[in-house]
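Reading the structure
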Amino acid sequence: MEDVQAKADEKSCPVQKSLTFVEEFLAEPMCGRCFPCSMGSYETRIRLKKLLDGTASDDDILAVKNIAAVMAEASMCKKGKDTAKYVQEQIDSNAFAEHLSGICTPRECTHYHTYVIIPENCTMCGDCLDACKDNAILGEKKKTFLSGYMPFEIVQKRCTKCGECMKVCNYAAVKIVSAKEMAELNVKSQESAVKS
Ligand code: SF4
Ligand code: SF4
Ligand code: SF4
């Protein structure tokens, strides 16, 4: 189980750590000698994936907690117990509850953050346009003889959240915002559209 833990420890987000541990454990054939581990591991994986894609509720966290408690107690071998204990340690971090509020603090779960361009900072240099391999950026490079530019913006449906645009932007115009901040930005832009 050392290899399994080493892979899980490479992650920063406790939910990602837990899922990696469980998935690595389940990557090997399941012996199925005892019910808490054989059923519990698969159920835990389902619930953790819901936390990653933003569809989880309090019930899912409670289920992961309860399953881990039973697995830690009743698993017949060290593998099942180690898996449960690792998940229990991660749940204690409070990151699971944070995900329910739309926050993944280490920004490892891509569902919970979005890349946006702040128009006030953007100089329209076009470096991000060249860096984006997914054609997710719309905008027109600044030319001295032109006026009336198309402002730079990220098309969220195409964005794979690779972060390349942020790396190349020298003007701090590309920002990462949480799902919650993004919802607030959308409300503000709708309000200003109504006023204008
Ligand atoms: S706890 Fe051990 S014996 Fe029980 S199902 Fe899991 S791997 Fe098999
Ligand atoms: S790299 Fe930055 S400043 Fe240049 S166009 Fe993109 S967002 Fe704007
Ligand atoms: S994060 Fe990646 S895919 Fe998204 S706009 Fe930036 S470069 Fe393109």
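How each quantity is defined
- Residues numbered from 1 in each chain as written.
- Chains lettered and ligands numbered in written order.
- Predicted model: local features only at pLDDT ≥ 70, side-chain atom pairs only at ≥ 80, totals over all residues.
- Heavy atoms only, no water.
- Buried < 20%, exposed > 50% of the residue type's maximum accessible area, 1.4 Å probe, protein only.
- Helix = DSSP H or I, 4+ residues; strand = E, 2+ residues; numbered from the N terminus.
- Core = buried A, V, L, I, M, F, W, Y, C linked by side-chain atoms within 4.5 Å.
- Contact = heavy atoms within 4.5 Å.
- Near = heavy atom within 4 Å.
- Nonpolar A, V, L, I, M, F, W, Y, C, P; charged D, E, K, R; others polar.
- Axes fitted to C-alpha atoms, helices over the stretch in contact; angles between N-to-C directions.
- Parallel < 35°, antiparallel > 145°, perpendicular 65-115°, else oblique.
- Phe/Tyr/Trp six-rings, centres within 6.5 Å; stacked < 30°, edge-to-face > 60°.
- Expected span 1.5 Å × (residues − 1).
- Left-handed = near helix turned anticlockwise from the far one by under 90°.
- pLDDT = per-residue confidence, 0-100.

1. Thoughts on the pairing of strand β1 (residues 113–117)
β1 sits mainly inside the fold: five of its five residues count as buried. Residues of β1 alternate between two faces, with H113, Y115 and I117 on one and T114 and V116 on the opposite face, all of them buried.

2. Points about the nonpolar core
In terms of nonpolar packing, the biggest core is built from 18 residues, with V15, L48, L51, V64, V87, F96 and C109 touching the most fellow members. Every element with two or more residues in this core is listed here: α2 (14–27), α3 (35–52), α4 (58–74) and α5 (78–91). Take this core: its biggest share by element is four residues, from α2. If near-sequence neighbours (up to four positions away) are discounted, V15 is found in contact with L48, L51, L52, F96 and H99.

3. With respect to the site of ligand 3
Taken together, 13 residues are adjacent to ligand 3, and C132, C159, C162, G163 and C165 come closest. In the shell around ligand 3, the residues fall into eight nonpolar, two polar and three charged.

4. A word on the environment of L48
Positionally, L48 belongs in helix α3. On the accessibility criterion, L48 (0% relative accessible area) is buried. If near-sequence neighbours (up to four positions away) are discounted, L48 is found in contact with V15, S18, L19, V22, V64 and F96.

5. Observations regarding the packing of α2 against α5
Across the interface, α2 lies against α5 with an axial gap of 9 Å and an inter-helix angle of 170°. Put simply, α2 runs roughly antiparallel to α5. Seen from α2, the contacting residues are P14, K17, S18, F21, V22 and F25; seen from α5, they are K79, G80, D82, T83, Y86, V87 and Q90. Residue composition of the contact of α2 with α5, grouped by class: six nonpolar, four polar and three charged.

6. Describing the packing of aromatic side chains
Under the criterion given, the structure shown has one aromatic pair. Here the aromatic rings of F21 and Y86 are separated by 4.5 Å at their centres, their planes lie at 25°, and the arrangement is stacked. Within this pair, whereas F21 is found in helix α2, its partner Y86 is found in helix α5, the two being separated by 65 residues in sequence. Its relative accessible area of 1% is what places F21 among the buried residues.

7. Some thoughts on unusual backbone geometry
With phi around 60°, M124 is a residue other than glycine that occupies positive phi space. Within the element layout of this structure, M124 appears in the loop between β1 and α7 (127–131). Of note in the backbone geometry, A172 takes a positive phi value of approximately 50° without being a glycine. Taking relative accessible area as the criterion, A172 reaches 43% and is therefore assigned partly exposed.

8. Looking at α5
Counted at 1.5 Å a residue, the expected span for α5 with its 14 residues is 20 Å, and the 20 Å between its end C-alpha atoms agrees. All of the buried residues in α5 are G80, D82, T83, A84, Y86, V87, Q90 and I91. Here the buried face of α5 lies against α1 (2–9), α2, α3, α4 and α6 (95–100).

9. Quick notes on the packing of α4 against α5
Closest axis-to-axis distance for the α4/α5 pair is 8 Å, and the angle between their directions is 145°. Relative to α5, α4 is oriented so that their crossing is left-handed. Mapping the contact onto sequence places V64, K65, A68, A69, M71, A72, E73 and A74 in α4 and G80, K81, T83, A84, V87, Q88 and I91 in α5.

10. Here we look at the confidence of the model for the chain
The pLDDT averaged across the chain works out to 90; a share of 93% of its residues lies at or above 70. The secondary-structure element of the chain with the lowest mean pLDDT is helix α9 (residues 179–195), recorded at 70, while α4 shows the highest, at 97.

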